[in-house]
Amino acid sequence: MKPKAKSILLIILLMLSAISFLFAIYFEPSNNQVYAASGSQSDLQLMARAINGEARGEPYEGQVAVRSRYFKPSQKL
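Residues numbered from 1 in each chain as written. Predicted model: local features only at pLDDT ≥ 70, side-chain atom pairs only at ≥ 80, totals over all residues. Heavy atoms only, no water.

So, about the overall build of the protein. Tallying secondary structure elements over the protein gives three helices and zero strands in all. Going from the N terminus to the C terminus, the protein shows its helices and strands as α-α-α. Burial statistics for the protein: of 77 residues in total, 8% are counted as buried. (Helix = DSSP H or I, 4+ residues; strand = E, 2+ residues; numbered from the N terminus. Buried < 20%, exposed > 50% of the residue type's maximum accessible area, 1.4 Å probe, protein only.)

With that out of the way, let us pick up a nonpolar patch on the surface. Residues I8, L9, I12, L13 and L16 make up a contiguous nonpolar surface patch of about 450 Å² in total accessible area. Residue position: I8 is located in helix α1 (residues 3-26). (Patch = residues over 30% accessible without salt bridge, like charges linked within 9 Å, V, L, I, M, F, W, Y side chains within 5 Å. Areas by Shrake-Rupley, 256 points an atom, 1.4 Å probe, with all protein chains shown as cover. Salt bridge = Lys/Arg side-chain N within 4 Å of Asp/Glu carboxyl O.)

Residues that lie three or four places apart on an α-helix share one face, since the helix turns once every 3.6 residues. Its 15 residues give helix α2 (residues 41-55) an end-to-end C-alpha distance of 21 Å, which sits within 8% of 21 Å, the value for a rise of 1.5 Å per residue. Turning to α2, its buried residues number three or more, namely M47, I51 and A55. The buried side chains of α2 occupy one side of the element, clustering within an arc of 45° when seen end-on. More than 90 degrees from the buried face of α2, the exposed residues found are Q41, L46 and R49. On the buried face of α2, the contacting elements are α3 (60-70). One or two steps after α2, the chain reaches G57, where phi turns positive at roughly 85°. (Expected span 1.5 Å × (residues − 1). Arc of directions from axis to C-beta. Contact = heavy atoms within 4.5 Å.)

By the secondary structure assignment, N52 is in helix α2. C-alpha of N52 to C-alpha of R67: the two residues are 15 residues apart in sequence and 9.6 Å apart in space.

So, in structure tokens, the structure goes:
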């Protein structure tokens, strides 16, 4: 490979690395995010349908395990 082509490739790789680093910093989730102050009826119904779709036919404990994938166990619905 020619030295000029190597230099161009190196510059492109450095630019892509810098851009991906900036995106990672910008879109990093913070711990103080507020998702929703209160759930509406349609939100609860959507959550129930998601749990039902994934845990259909499972006993109650299995449905609770699926629910814990969406919420922390300490959170209330």
